[in-house]
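Notes for the structure review
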Amino acid sequence: MSVFAEAMRQRVREARAALVAARAAADAYGTAVAEGELEDALRMAREHDIDPGDEGA
């Protein structure tokens, strides 16, 4: 696995964790930011044919 692919998977994992935390805290702003980060990370993974996994999807 390439370093870039692993970095993308890590970015997706971190974005998913941030989204879960923001939702658990009922943080509307944090949820919106985390959703945007997750969408961006998933888009980049798709563009580079990287399977981000479906952990917590």
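That block above? That's the structure.
Read on for a plain summary of the structure. These numbers were taken from a predicted model, which means no experiment stands behind them.

Conventions and cut-offs
- Residues numbered from 1 in each chain as written.
- Predicted model: local features only at pLDDT ≥ 70, side-chain atom pairs only at ≥ 80, totals over all residues.
- Heavy atoms only, no water.
- Helix = DSSP H or I, 4+ residues; strand = E, 2+ residues; numbered from the N terminus.
- Expected span 1.5 Å × (residues − 1).
- Buried < 20%, exposed > 50% of the residue type's maximum accessible area, 1.4 Å probe, protein only.
- Arc of directions from axis to C-beta.
- Contact = heavy atoms within 4.5 Å.
- Polar contact = N/O pair within 3.5 Å; in protein donor to acceptor, adjacent residues only side chain to side chain.

Relative to the 28 Å expected for 20 residues at 1.5 Å per residue, helix α2 (residues 28-47) spans 29 Å between its end C-alpha atoms, a close match to the ideal helical length. Along α2, the residues that are buried comprise Gly 30, Thr 31, Ala 34, Leu 38, Ala 41 and Ala 45. Around the axis of α2, the buried residues are gathered within 100 degrees of arc, so they sit on the same side. Projecting away from the buried face of α2 at angles above 90 degrees are the exposed residues Ala 28, Tyr 29, Glu 39, Arg 46 and Glu 47. For α2, the elements touching its buried residues are α1 (3-24). Its side-chain oxygen 3.2 Å from the backbone nitrogen of Tyr 29, Asp 27 forms the N-cap of α2. Positive phi appears at Asp 49, one or two residues downstream of α2, with a value of about 55 degrees.

In short, the description is geometric, and any link to function would need to be established separately.
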